[in-house]
Amino acid sequence: MAESTVWWLLAAAMVALELFTGTFYLLMLSIGLAAGALAAHLGLSETTQLVVAALVGSSAVVLCHLVKRRRNGDPSVRSLRSVNLDIGETLQVDHWQPDGTAQVRYRGAQWTVVLAPGQTAAPGTYRINELVGSRLQVEQA
């Protein structure tokens, strides 16, 4: 079996493993294995093939990690209406505690409500924008 065939089989196995686990980093490593296959097609030595595969794969993983880390502006999953149907609903707050919390009756149960950053505590109607633990984070409606 040719060296390039072994590299391509390893790359395909890594892609299959990525499909089972959902880890995007394994896909980056499979790009490194494909680079090793291309190095084998060019007739480079086994050592060079390994170095090319390692450099390309690890560079792809590092680049993917840096791009993923840079996207810190993505909304929290707890604030998505598709995850929690309470997001966007309104409730009435009659009285705020000195610690910035309030107790409200919502959907037939007592809830602790906290203000979203930048909001001021005043009685009125508030919109739920996130579920933080067992507390509803709200902003003025």
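Let us look at the structure shown here. (Residues numbered from 1 in each chain as written. Predicted model: local features only at pLDDT ≥ 70, side-chain atom pairs only at ≥ 80, totals over all residues. Heavy atoms only, no water.)

With respect to helix α1 (residues 3–21)
Over its 19 residues, α1 extends 27 Å from the first C-alpha to the last, a length consistent with the 27 Å expected when each residue adds 1.5 Å. Of the residues making up α1, those classed as buried are S4, W7, A11, M14 and E18. Down the axis of α1, the smallest arc covering the buried residues is 85°, so these residues share one side. Summarising the geometry of α1, the exposed residues directed more than 90 degrees from the buried face are L19 and F20. The inward-facing, buried residues of α1 contact α2 (24–41) and α3 (46–70). G22 occupies a position one or two residues after α1 and carries a positive phi of about 80°. (Helix = DSSP H or I, 4+ residues; strand = E, 2+ residues; numbered from the N terminus. Expected span 1.5 Å × (residues − 1). Buried < 20%, exposed > 50% of the residue type's maximum accessible area, 1.4 Å probe, protein only. Arc of directions from axis to C-beta. Contact = heavy atoms within 4.5 Å.)

Details of the nonpolar core
Nonpolar side chains in soluble globular proteins tend to end up buried together. One finds L91, W96, V113 and V138 to be the most contacted residues of the largest nonpolar core, which totals 14 residues. Looking at this core, the elements with two or more residues in it are β1 (90–93), β2 (101–106), β3 (109–115), β4 (124–132) and β5 (135–140). The residues contacting V138, other than those within four sequence positions of it, are L91, W96, V113, V114, L115, A116, Q119, Y126, R127, I128 and N129. Grouped together as the second largest cluster of nonpolar side chains are eight residues, A11, M14, L33 and A40 included. (Core = buried A, V, L, I, M, F, W, Y, C linked by side-chain atoms within 4.5 Å.)

Considering the packing of aromatic side chains
As enumerated under the stated definition, the model contains two aromatic pairs in all. Geometrically, the ring pair formed by W96 and Y126 is edge-to-face, given 5.4 Å between the ring centres and 75° between the ring planes. Linking W96 in the loop between β1 and β2 with Y126 in strand β4, this pair joins segments that are 30 residues apart in sequence. Between Y106 and W111, the ring centres sit 6.3 Å apart and the planes meet at 70°, which makes this aromatic pair edge-to-face. (Phe/Tyr/Trp six-rings, centres within 6.5 Å; stacked < 30°, edge-to-face > 60°.)

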